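What the coordinates show
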Amino acid sequence: MAETQHEIKSVLTENRVFPPPEAFSKQAHIRSMEDYRRLWDEAASNPEKYWGDRAREELYWKEPFQTVLDWKPPHARWFVEGRTNLAYNCLDRHLAKRRDKPAILFEGEPGDRRRITYGELAVEVNRLANGLKSLGVRKGDRVGIYLPMVPEAAVAMLACARIGAVHSVVFGGFSAEALHERMNDAGAKVLLTADGGWRKGSVVPLQKNVEAALPHMKAMEKVVVLRRTGESLSLSDSRMVAWDALVKGQSDTCEPEWVESEHPLFILYTSGSTGKPKGVLHTTGGYAVNTSLTTRWVFDLREDDVYWCTADVGWVTGHSYVVYGPLMNGVTTVLYEGAPTQPGPDRFWEIIARYKATILYTAPTAIRAFMRLGDEHPRKHDMSSLRLLGSVGEPINPEAWMWYRDVIGGGRCPVVDTWWQTETGAIMISPLPGATPTKPGSATFPLPGIHAEILDRQGNPVPRGQGGLLFVTRPWPSMLRTVYGDPDRYVRTYFNELPGMYFTGDGARTDADGYVWLMGRVDDVVNVAGHRLGTAEVESALVAHARVSEAAVVGRPDELKGTALVAFVTLKQGNAPSSELKKELATHVAKEIGAIARPDEIRFAEALPKTRSGKIMRRLLRDVAAGKQSSQDTTTLEDLNVLAALRQNDE
Ligand code: WTA
């Protein structure tokens, strides 16, 4: 856990406390710690009543449920007999009161803008839903989505939900290889994509990647291509159809498919500590109840909020807190396509001022980057509309937290540091902004109904102040249901550490006041600039290169990215280390996975240090990576076995 040491030291000395501003608390959904504790106790003493009540409040159910929870560890079914539809809950339900209210305020990177009302969004979703049906998509079929951050990404997800198809969004920054691997695993028969998207002034060549992936996607029947960047669209494969042509002439109405509560809603691939990415499967009812609830409570939503979550729909944050959570609550959401610093360092702040955003939800890595760019950029803009700030994706260091609060929030906005995962579906540990006194760098307390506990490997609670492993010891509605196509992996990965209890893969501790402090991953998953990656994935990409014999990838603490990737590589006989080869290997990884996985540093080694039983000594490699940079001539082969010999008994 070398990469977490710095974090632990810095949070141990943190004792500033910021109570919620009084005016904020007065109008909040949850107004005091007493209210929070009362809810917590209610949920703990009678979870079925608590969640049953929440489920009836949050969602429209076409058919009511009788059974709140059917728990056969580690398998949960929630709101069992209920039937609902999420597109209905995100759209139709609002039309009586909010037909003309903006659902999405879109800004493209080149500066194009669209304002889409709930009424208009419903029509777009229905047309595409009908279009998908005309392509033969039926309830339960898997549909891939590989789109830039444009309104059609939300339309695509909701159209799938409307007809009971299971969407699987692949982040636009992933490569052709990563795309076909995921599409094949999901068995997707239709893919929704675009000619490209805008990022840092250039086009992300989505369609080109799809073309490269198509020969490997045998089950793929149709690819629907949206025109985003090009003047004219070239449909280079007989399986391709233009989005415009597909939706043209389709009816504006589409009867929702009333699906069972446990009907799959989406598969989202995420990195684990071993092997290829896992298809995390979420189902309808439980996921919806908890994303809707947490969006309203954690962001303390009000009818007139202009809410902006900067995540891409390719990640779980985009699913839960760009699309489903806000739309279920009928709020106005800002959607921005491009890079935070395009065309200048103040693009975000300009957007906040233009749309009078009231809530901003972003990642520590972005906050740290803005901090470095200087205060003058946010100060140029009127951001007095902001009333709440959120953080997600990695531990936020107290300095960045303070800067966020002072410079972006003008010292008046509560900051909610929200801990959760792709697997948890929704926020699990977070302040409630009208109730919880916050400490910079702490995610504070588990939400009501969430039994997040810090235990040792034997399952004993660890004393306050001491680090342990973070488990969720009771089921919750938005928990993942399985790993798609690999039910054993679900059990092995999440429920093997302590039987029946969900293991998060994170380390954590509580302080003397019971506040939770996250300490980072304890497995071989790393958070690089807020993106979750498995070191094993990067290793297998490296080993797939013709000149590489072995590779070990570890994280190194990085001021900006949180964690940087360092790859130790041994070469096959007859290959000499060179800086060209380093570049080639880095490019190779970007091609295999995506630019987000490109190693920050590659070091050649004579051999990888191994224990007597043949395990790579990762702790040693992390220490080496975290130490001073490698020697001046960074292309030479290092002999790590000398160090390994000294450390044999240590690993
Ligand atoms: C980390 C993103 C500290 C954690 C929603 C977790 C955090 C992983 C926080 C999940 C936070 C997320 N403080 N660490 N507030 N939020 N993490 O699946 O290590 O992309 O296990 O979900 O991000 O990443 P994922």
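Predicted, not measured: the structure shown is a model, and the values here were computed from it. (Residues numbered from 1 in each chain as written. Predicted model: local features only at pLDDT ≥ 70, side-chain atom pairs only at ≥ 80, totals over all residues. Heavy atoms only, no water.)

1. Digging into unusual backbone geometry
In this chain, Pro73 is followed by Pro74 through a cis amide linkage whose omega measures 0°. One non-glycine residue, Asp300, adopts positive backbone phi at about 45°. Owing to a relative accessible area of 3%, Asp300 belongs among the buried residues under this scheme. With a phi close to 50°, Ala529 is a non-glycine residue in the positive phi region. Checked against the element boundaries, Ala529 lands in the loop between strand E26 (525-528) and strand E27 (531-534). (Buried < 20%, exposed > 50% of the residue type's maximum accessible area, 1.4 Å probe, protein only. Helix = DSSP H or I, 4+ residues; strand = E, 2+ residues; numbered from the N terminus.)

2. Here we look at the confidence of the model for the protein
Fine structural detail should not be taken from predicted coordinates in areas where pLDDT scores are low. Chain-level statistics for the protein give a pLDDT mean of 94 and a share of 96% at 70 or above. Put simply, helix H1 (residues 5-12) is where the protein has its lowest mean pLDDT, 49, and helix H8 (residues 151-163) is where it has its highest, 99. Confidence over residues 1-10 falls short of pLDDT 50; this stretch has 18 contacts with residues more than four positions distant or in other chains. The ipTM value of the predicted complex is 1.00, and its pTM value is 0.94. (pLDDT = per-residue confidence, 0-100. Contact = heavy atoms within 4.5 Å.)

3. Topic: the side chain of Glu423
Along the chain, the position of Glu423 falls in the loop between strand E20 (415-418) and strand E21 (452-455). Owing to a relative accessible area of 1%, Glu423 belongs among the buried residues under this scheme. Here Tyr494 takes part through its side chain, which lies 2.7 Å from a polar atom of the side chain of Glu423. Beyond its immediate sequence surroundings of up to four residues, Glu423 is in contact with Thr270, Lys278, Val280, His282, Trp476, Ser478, Met479, Leu480, Tyr494, Tyr502 and Arg532. (Polar contact = N/O pair within 3.5 Å; in protein donor to acceptor, adjacent residues only side chain to side chain.)

4. Some points on the sheet that holds E21
Pairing in this open sheet of four strands is antiparallel, and the strands run E21-E22-E24-E25 from one edge to the other. Looking at the sheet topology across the chains shown, the edges are occupied by E21 and strand E25 (516-521). Each strand axis lies, on average, 45° off the axis of its neighbour in the sheet, ignoring direction. Across four bridges, the pairing between strand E22 (residues 468-472) and strand E24 (residues 502-510) is antiparallel. Directly across from Val472, in E24, lies its bridge partner Tyr502. (Pairing = 2+ DSSP bridges. Axes fitted to C-alpha atoms, helices over the stretch in contact; angles between N-to-C directions.)

5. Quick word on the UniProt feature "domain: AMP-dependent synthetase/ligase" (unreviewed entry) in the protein
Summarizing the sequence annotation, UniProt attributes the feature "domain: AMP-dependent synthetase/ligase" (unreviewed entry) to residues 92-476 in the numbering used throughout. Between the first and last C-alpha atoms of residues 92-476 the distance is 27 Å; the span itself is 31% helix and 22% strand. (UniProt positions renumbered as here; feature names shortened; annotations may be inferred.)

6. Here we look at the site of the ligand
In the neighbourhood of the ligand, 17 residues make up the surrounding shell, with Asp417, Thr418, Thr422, Asp506 and Arg532 lying closest. Backbone polar atom of Glu394 to a nitrogen atom of the ligand: 3.4 Å apart, as the coordinates give it. Contacts to the ligand include Asp506, whose side-chain N or O atom sits 2.8 Å from an oxygen atom. Relative to its free-state accessible area of 520 Å², the ligand is covered by the protein chains to the extent of 96%. Those elements that place two or more of their residues in the shell around the ligand are helix H13 (316-328), E20 and E25. Here the residues of the shell around the ligand sort into six nonpolar, six polar and five charged. (Near = heavy atom within 4 Å. Areas by Shrake-Rupley, 256 points an atom, 1.4 Å probe, with all protein chains shown as cover. Nonpolar A, V, L, I, M, F, W, Y, C, P; charged D, E, K, R; others polar.)

7. Some remarks on the nonpolar core
Within soluble globular proteins, side chains that are nonpolar tend to cluster in buried spots. The biggest cluster of nonpolar side chains holds 165 residues, and the ones touching the most others in it are Leu121, Leu128, Phe299, Tyr324 and Val569. The dominant element in this core, judged by the number of residues it contributes, is H8, at 10 residues. Here this core spans two domains, and each of domain 1 (88-94 + 117-257) and domain 2 (545-650) adds at least three residues to it. Trp308, Leu386, Leu389 and Tyr404 belong to the second largest nonpolar core, which has 29 residues in total. (Core = buried A, V, L, I, M, F, W, Y, C linked by side-chain atoms within 4.5 Å. Domains from an automatic or database assignment.)

8. So, the domain arrangement of the protein
Here the domain parsing of the protein yields domain 1 (88-94 + 117-257) and domain 2 (545-650). Buried area between domain 1 and domain 2, both sides added, is near 440 Å², and the carbon and sulfur share of it is 51%. Taken as a group, Phe174, Ser175 and Glu177 account for 70% of the area that domain 1 buries against domain 2, more than any other trio of residues on that side. Our count for the domain 1 to domain 2 interface comes out at one salt bridge. The shortest N-O distance in the salt bridge between Glu177 and Lys591 comes to 3.1 Å. (Buried area = accessible area lost by both parts, 1.4 Å probe. Salt bridge = Lys/Arg side-chain N within 4 Å of Asp/Glu carboxyl O.)

9. Topic: the packing of helix H15 (residues 364-373) against helix H17 (residues 398-408)
Closest axis-to-axis distance for the H15/H17 pair is 10 Å, and the angle between their directions is 70°. Classed by the angle they form, the pair H15 and H17 counts as roughly perpendicular. Of the residues in H17, those touching H15 at Ile367, Arg368, Phe370 and Met371 are Glu399, Ala400, Trp403 and Tyr404. (Parallel < 35°, antiparallel > 145°, perpendicular 65-115°, else oblique.)

10. Notes on the pattern of salt bridges
Counted by the stated rule, this structure contains 49 salt bridges. A salt bridge links Asp53 to Arg56, with the nearest nitrogen and oxygen atoms 3.4 Å apart. In this pair, Asp53 and Arg56 are both assigned in helix H4 (residues 47-58), three residues apart and thus about one turn of the helix distant. Across the pair Glu260 and Lys139 runs a salt bridge whose closest N-O atoms are separated by 3.0 Å. Of this pair, Glu260 sits in strand E13 (residues 259-260) while Lys139 sits in the loop between helix H7 (118-134) and strand E6 (142-146), placing them 121 residues apart in sequence.

11. Concerning the pairing of strand E17 (residues 332-336)
The buried fraction of E17 amounts to five of the five residues, a majority that puts the element mostly inside the structure. Going residue by residue along E17, you find Thr332, Val334 and Tyr336 tucked away on one face and Thr333 and Leu335 tucked away on the opposite face as well. Direction of pairing for strand E4 (residues 102-107) relative to E17: parallel, over a ladder of four bridges. Within E17, the residue paired with Phe106 across the bridge is Leu335.

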